[in-house]
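Below are the chains, spelled out letter by letter.
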Amino acid sequence: MDIRIDPWDYKIIQEYDKLFTVFGIQSIDSIPYKDLLKHHFFTRRIVFGHRDFDKWLNALRRGDKVIVLTGFMPSGVPHLGTAMVFEELKFFQEIGASVKIVIADAEAYAVRREDRGSTIKHGIEFIKHAIAWGIDPNKSEFYFQTAMKESYYRLIQMFSRKVTAAEMEAIYGDLTPAKIMAALTQVADILHPQLEEFGGYKHVLVPVGVDQDPHLRFARDIADRFSEELGFERPSSTYHKLLRGLDGNKMSKSRPDYAIFLNDDENVVRKKVMMALTGGRATAEEQRRLGGEPWKCMIHELYVYFMLNDEDVRKITEECVTGRILCGECKRIAVELLVGKLKEHKKKYEEVERTFNIEKIVKIPAF
Ligand code: SF4
């Protein structure tokens, strides 16, 4: 099995437990504060790992300054994989944190080769989707990388002095100048909120998909190297499992037929769900006799991640493994639930478009 984590690739990571031993990610089970972590992402182990999350929670409980920071690549429309981060940010706001959201337009231009105008357009759309999903703009700060002030860019130059190409290759694999710049820029994103001119020290938590862990390892190493010069402390992080696309690989914008986008309409959702990979058997007779295999099924994954409460997950799983429900009917239920969820989101998105002046909450970069 390929265990290297590549933040720019879309391969799915199959064996999450190995990440504890290979990369030193800690299990979410080691975290106290079960009273705080009641969201189903935690109770169902969708958020499965962390680095120093307990320290961040201690700081939150003490009433120290804490923030949650994460970034989005402004290309295309967000899909359900991206919405997992929206969901986490919403949860962290509910337990008392404010959030800082990076629109990674510099990275989208350099690494994804997005046209400059579209990175800005998509960045604005991402912010609207985030607010429509339930992120409270009054407890949020959004920024575009290319609209940041000089001191943020000075950090990137400073960081470059204390890293080597060999160590970056060990973390990221093959590198290009664009990837080196993108990685250093991400470290500036993660660490700059601790500086005096950005509001003074606060404990930073970065909730991400586990494919982004290389950036966290790199940021933590650099924090150590600049602890005396700039007073940096290591950031904390949490890791969620990657939502798979409807074909079983990671959900990705680069394979749109297998991803559910937040603006997909009913017909598109139906078509995509109907061709999804399931854990169904070759024939109806076999499935009634042997039951389905929900752990292989992308529809079941959607239920667990986004659509059903604990009791309903238990019921559908039982009906599947005992062969009482067949995939056709199960998919029809999934379409109905998914379409309902997306319609509700669309309504809120339109309301944000109508009522919100985005330029009041984020500095739009010049072309
Ligand atoms: S019955 Fe539903 S959960 Fe079971 S394999 Fe088929 S689609 Fe998946």
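If you're wondering where the values come from, they're calculated on a predicted model, not measured in any experiment.

Cut-offs and rules
- Residues numbered from 1 in each chain as written.
- Predicted model: local features only at pLDDT ≥ 70, side-chain atom pairs only at ≥ 80, totals over all residues.
- Heavy atoms only, no water.
- Domains from an automatic or database assignment.
- Contact = heavy atoms within 4.5 Å.
- Buried area = accessible area lost by both parts, 1.4 Å probe.
- Salt bridge = Lys/Arg side-chain N within 4 Å of Asp/Glu carboxyl O.
- Polar contact = N/O pair within 3.5 Å; in protein donor to acceptor, adjacent residues only side chain to side chain.
- Helix = DSSP H or I, 4+ residues; strand = E, 2+ residues; numbered from the N terminus.
- Nonpolar A, V, L, I, M, F, W, Y, C, P; charged D, E, K, R; others polar.
- Buried < 20%, exposed > 50% of the residue type's maximum accessible area, 1.4 Å probe, protein only.
- Expected span 1.5 Å × (residues − 1).
- Core = buried A, V, L, I, M, F, W, Y, C linked by side-chain atoms within 4.5 Å.
- Pairing = 2+ DSSP bridges.
- Phe/Tyr/Trp six-rings, centres within 6.5 Å; stacked < 30°, edge-to-face > 60°.
- Lys NZ or Arg CZ within 6 Å of the ring centre and 35° of its normal.

Here's the deal with the domain arrangement of the protein chain
Right, on to step 1. As far as domains go, the protein chain holds domain 1 (17–246) and domain 2 (256–354).
Right, on to step 2. Facing 23 residues of domain 1, the contacting portion of domain 2 comprises 30 residues.
Right, on to step 3. Carbon and sulfur atoms make up 67% of the surface buried where domain 1 meets domain 2, a total of about 2500 Å² over both sides.
Right, on to step 4. Of all residues in domain 1, R44, L80 and L246 give up the largest surface area on contact with domain 2, accounting jointly for 34% of the area buried on that side.
Right, on to step 5. Inspection of the region where domain 1 meets domain 2 yields three salt bridges.
Right, on to step 6. In this structure, E353 engages K128 in a salt bridge whose closest nitrogen and oxygen atoms are separated by 3.1 Å.
Right, on to step 7. Seen at the junction of domain 1 and domain 2, the total is 11 residue pairs in polar contact (both at pLDDT 80 or more).
Right, on to step 8. Mapped onto the side of domain 1 that touches domain 2, the elements with two or more residues apiece are helix 2 (40–43), helix 4 (80–94) and helix 6 (116–133).
Right, on to step 9. For the side of domain 1 that touches domain 2, the leading source of residues is helix 6, giving six residues.
Right, on to step 10. Taken together, the residues of the side of domain 1 that touches domain 2 break down into 14 nonpolar, four polar and five charged.

Examining unusual backbone geometry
Right, on to step 1. One non-glycine residue, Y33, lies in the positive phi region at around 60°.
Right, on to step 2. Structurally, Y33 can be placed in the loop between strand 1 (26–27) and helix 2.
Right, on to step 3. One non-glycine residue with positive phi stands out, namely R113, at about 60°.
Right, on to step 4. Within the fold, R113 resides in the loop between helix 5 (105–110) and helix 6.
Right, on to step 5. The class of R113 is exposed, set by a relative accessible area of 73%.

Topic: helix 9 (residues 177–191)
Right, on to step 1. Compared with an ideal rise of 1.5 Å per residue, which puts 15 residues at 21 Å, helix 9 spans 21 Å between its outermost C-alpha atoms and is within 8% of the ideal.
Right, on to step 2. Burial analysis of helix 9 places 11 of its 15 residues in the buried class, which makes it a mostly covered element.
Right, on to step 3. K179, A182, A183, L184, T185, Q186, V187, A188, D189, I190 and L191 are the residues of helix 9 that are buried.

Re the nonpolar core
Right, on to step 1. With 76 residues, the main nonpolar core has F53, W56, L57, L80, F86, F92 and F306 as its most contacted residues.
Right, on to step 2. Both domains that meet at this core, namely domain 1 (17–246) and domain 2 (256–354), each give it at least three residues.
Right, on to step 3. With near-sequence residues (within four places) excluded, F53 lies in contact with I28, I31, L37, F42, F92, L205, S236, S237 and T238.
Right, on to step 4. Judged by nonpolar contacts, the second largest core, of 38 residues, contains L69, Y143, L191 and A219.

A few points about the pairing of strand 5 (residues 140–144)
Right, on to step 1. In terms of burial, strand 5 is largely enclosed, as four of its five residues are buried.
Right, on to step 2. Here strand 4 (residues 98–103) pairs with strand 5 via five bridges, running parallel. Note on strand 5: the bridge partner recorded for I101 is F142.

What to know about the packing of aromatic side chains
Right, on to step 1. Scanning all chains against the criterion turns up 16 aromatic pairs.
Right, on to step 2. Here the aromatic rings of F42 and F92 are separated by 6.3 Å at their centres, their planes lie at 80°, and the arrangement is edge-to-face. Placement of F42 in helix 2 and of F92 in helix 4 is noted, with a sequence separation of 50 residues between them.
Right, on to step 3. Each ring, one from W56 and one from F92, has its centre 5.6 Å from the other, and the planes form 75°; the classification is edge-to-face. In this pair, W56 sits in helix 3 (residues 53–62) while F92 sits in helix 4, placing the two residues 36 residues apart along the sequence. Both residues of the pair, W56 and F92, belong to the buried class.
Right, on to step 4. Sitting over the ring of F198, K149 keeps its end group 5.0 Å from the ring centre.
Right, on to step 5. Between the NZ or CZ atom of K162 and the centre of the ring of F226, over which it lies, the distance is 4.4 Å.

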